[in-house]
Structure formats: structure tokens, C-alpha cells
Amino acid sequence: MTTINKQWRLKARPVGAPSAETWDYTETEVPTISDGQLLIRVDYISIDPAMRGWLNDAKSYIEPVQIGDVMRGGTVGEVIESKHEKFAVGDYVAGHNGVQSYAVSDGTGLHKVDPNLAPLSYYLGVLGMPGMTGYFGLLKTGQPKAGETVVVSGAAGAVGSLVGQIAKIKGCRVVGIAGGAEKCKFLIDELGFDATIDYKNEDVKKALKKTCPNGVDVYFDNVGGDILNDVLTQINLRARIVICGAISQYNNTTAVEGPSNYLSLLVNRARMEGIVVFDNIKEYPIAMKEIAGWIQSGDMKVKDHIVKGIETFPDTLMMLFNGENFGKLVLKVEG
């Protein structure tokens, strides 16, 4: 076992996009554990848009990462030493153990995962926080009904690709908004979406009229900004807009731009509701079982985008905001 623990710590809060000045890379000895603790070798780290929000010193659904702390991040890895009664050496566990190669835990927030049932990276994606977000955000908040039109932005990402597939399973017509011809082709050919809009090369508002001739019943929003505004012009009576994220706004140096077309909610008696995945934590096992069943039956396909080497973390994180990831973005600690 290597004796080095590689860590990325928050050095300074970014204004706009994170840069080299945002982070400190440190190498320290692998920590020792005390009674009631376990040592985890982190194998994979989840790279998520929410990470950008955690850097802001502002009131939110979770405390911000503090200056000097290891960057927060979802992880999956193997227990290599244990003085904890519930975890044994050789167990694989998922939790939020940060952007580092080794982590000490008292077991809080950890749950065991089975690498024989699914690849470890799945527990950070389709069977992890993004999967739970898409499942509960669509089914509980969006409440799609068979025959309705569901539009999802960020459709080739970890959450969006799952949302679209669940909507298809539930009998909906699904339109995905993504950037680039390759991603749009993937959504139709591989994931079974009914139509796509390439926001990089199409007028989104015009394309929505063409691809949603009967209007929009459910919109699952991962991007905010202009695309949210455009969709609001096309919603139906009693439409549901699920606010999952606003990646187009996260690195703003000016105020976040809200929807100027919000009066469409009034006219159409529509509902816009934000979601935070942790609100459904008690129901995670139900969702994981159903999603695993869909994967096993072939009704759901999974695409992971794995980048190797913890040293690449700052550049890998920025892939999200540059639209470079294709599927769930995961960092493999060892290259």
C-alpha cells in the first residue's frame, strides 16, 4: 500500500469559474485510525455540478466547504483497515469522503455496495446521487403521465440521461436538449429519446415548437438561463417544471439570471418546484432496486465518462461547465 494520501483542498473561494488559485494539492501520510473508525482506499470520486455551489460561502441546503478543508465529493472505495463493528476489511462502501485517495470515517453516511452486482462507478452515478436525483425529481416532483411530453435539458449528462429513460419507461414522449450532434445522436439511437434539440447549433425556441407540437407537460431543468425561459413559452396547462440545477449560471460573476417568462406559470396554472435529493434519503433503497431492475432488463442504458488520475481533478471538474462530459463524470483515483 502506498503511504501517500493525495488530497485537493479549498484554498480560496472562486469568483466565477474555479481556477488554479482555487485549490491546494497536498500529499500527506495515510492517516491512522482509532477505535470506531475505518480507513477507506478511495477508488472513484463523483464529479458533479453541485460541487460548484458548495464552494460559495452562502446559505444553501448544505454547509459550504470551508477554506483549508478537503473538497467534498461522493466516493466509493474499499475498507482496508477497520476498528468499526459494522464494517470489515474488504467491504466496499459509498459515501461523501472527499477528493482524496484515502479517507478515515466513523461510518456516518456510509453504506455498503456490492461490486459483483454493478461496476463501482455506478454507485456514484445511476445507483448514486445522480440516479436518486433523476428518479425522485421526475417521478415524485414531475409526476409524468403516459402520453405526456417531457423535456429534459442537460439530457446527455448523468441526471438528464436517466430522467429521459425513466420518462420513456413511463410511456411519455421525450425530448432531450443537449450540446452537439454526437450527444443528440446518442440520445435517440442509444437511449430511445423521441427527439432532440442541439442547443449549440439550433434556435431552442423554434426547435421546441417543432419537437413539441402539443406543448410541454413536464420540464426537467438542469441548466436554467435562456433555455428555461424558452421552455416556459411552450408549457401546457398544469405543467410541472422541476428545478434540479442551473449549470449555465453557476460560474456567473454577476447576479443569477432568473426566468423573465415566469408569468407563463400563472397563465397556465403551472407549478415550478426545486428538488434536493437528500429529502428522499429514506426511500433510496426503493429507487436503487427499481433502477437496477431496469438496467438488468435492458430498459435502461448507462454511460459513464471516467477520467483517470486524482491529479486531474481541477481540469476534470471544469469539463462539466464546458459541456465536455458525455454521461456521468467520474474520477478514477489512480491513473
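Residues numbered from 1 in each chain as written. Predicted model: local features only at pLDDT ≥ 70, side-chain atom pairs only at ≥ 80, totals over all residues. Heavy atoms only, no water.

**Q** I tried to follow the pairing of strand 12 (residues 235-243) on my own but got confused; where do I start?
**A** Relative to strand 12, strand 11 (residues 216-221) runs parallel, the two sharing five bridges. When the sheet's bridge partners are listed, valine 216 is paired in strand 12 with isoleucine 235. Since strand 11 and strand 12 lie parallel, the crossover through helix 6 (residues 225-232) that links them has a hand, and here it is right-handed. (Pairing = 2+ DSSP bridges. Helix = DSSP H or I, 4+ residues; strand = E, 2+ residues; numbered from the N terminus. Right-handed = clockwise from strand over helix to strand, strands pointing away.)

**Q** What is the right way to look at the layout of surface pockets in this model?
**A** To locate leftover empty space, one rolls a probe as large as a water molecule over the atoms. In this model, the second largest pocket occupies a volume close to 510 Å³. Looking at the second largest pocket, it is lined by 26 residues, and the ones nearest its centre are Ala94, Gly95, His96, Gly109 and His111. Broken down by secondary-structure element, the contributors of at least two residues to the lining of the second largest pocket are strand 5 (92-95), strand 6 (102-105), helix 2 (129-142) and helix 8 (284-297). It is helix 2 that provides the largest number of residues to the lining of the second largest pocket, a total of three residues. (1 Å grid on protein atoms, 1.4 Å probe; cavity = no way out; pocket = protein on both sides within 12 Å on 5 of 7 lines; lining within 4 Å. Points joined across faces, edges and corners; volume = space filled by probe spheres on them.)

**Q** Quick question: what am I supposed to make of helix 6 here?
**A** What sets the pattern is the α-helix's 3.6 residues per turn: residues three or four places apart point alike. Burial analysis of helix 6 places seven of its eight residues in the buried class, which makes it a mostly covered element. Listed as buried for helix 6 are Gly225, Ile227, Leu228, Asn229, Asp230, Val231 and Leu232. (Buried < 20%, exposed > 50% of the residue type's maximum accessible area, 1.4 Å probe, protein only.)

**Q** Explain the packing of helix 2 against helix 8 here, please?
**A** When two helices pack together, their arrangement is given by the angle between the helix axes and by the axis-to-axis distance. Between helix 2 and helix 8, whose axes approach to 10 Å, the crossing angle comes to 95 degrees. Between helix 2 and helix 8, the crossing angle belongs to the class labelled roughly perpendicular. Residues Gly131, Met132, Tyr135 and Phe136 of helix 2 touch helix 8, and the partners they reach there are Tyr284, Ile286, Ala287, Met288, Glu290, Ile291 and Trp294. For the contact of helix 2 with helix 8, the class distribution of residues is nine nonpolar, one polar and one charged. (Axes fitted to C-alpha atoms, helices over the stretch in contact; angles between N-to-C directions. Parallel < 35°, antiparallel > 145°, perpendicular 65-115°, else oblique. Contact = heavy atoms within 4.5 Å. Nonpolar A, V, L, I, M, F, W, Y, C, P; charged D, E, K, R; others polar.)

**Q** How do you make sense of the nonpolar core when you look at a structure like this?
**A** Generally speaking, soluble globular proteins have nonpolar side chains that are buried together. Core analysis: the largest hydrophobic core is formed by 46 residues, its most contacted members being Leu127, Met132, Leu138, Leu187, Phe220 and Ile291. Listing elements by their share of this core, those giving two or more residues are helix 2, strand 8 (149-153), helix 3 (158-169), strand 9 (173-178), helix 4 (181-189), strand 11 and helix 8. Sequence-distant contacts of phenylalanine 220, that is, excluding residues within four places in its chain, are made with Thr133, Gly134, Gly137, Leu138, Val151, Val152, Ser153, Val159, Val163, Val242, Cys244 and Ile275. (Core = buried A, V, L, I, M, F, W, Y, C linked by side-chain atoms within 4.5 Å.)

**Q** What am I meant to see in empty space enclosed by the protein here?
**A** Under the definition given, this model contains one cavity of 30 Å³ or more. By volume, the largest cavity amounts to about 140 Å³. For the largest cavity, the lining is made up of 19 residues, of which Ala158, Ser161, Lys301, Val302 and Lys303 are closest to its centre. Secondary structure elements with two or more residues in the lining of the largest cavity: helix 2 and helix 3.

**Q** Help me understand the sheet that holds strand 11, please; the structure alone is not making it clear to me.
**A** Strands belonging to one sheet form pairs held by backbone hydrogen bonds; the direction of such a pair is parallel or antiparallel. Reading across from one edge, 10-9-8-11-12-13 is the order of the six strands in this open sheet, with parallel pairing throughout. Each of the sheet's edge strands pairs with one partner strand only, and the pair in question is strand 10 (195-198) and strand 13 (271-274). Between one strand axis and the next, the sheet turns through 15 degrees on average, direction left out of account. As judged from the four bridges shared by strand 12 and strand 13, these two strands associate in the parallel manner. Across the sheet, the residue bridging to isoleucine 243 is glycine 274, located in strand 13. In the packing of helix 2 onto the sheet, contacts are made with strand 8, strand 11, strand 12 and strand 13, and the angle to strand 11 comes to roughly 150 degrees.

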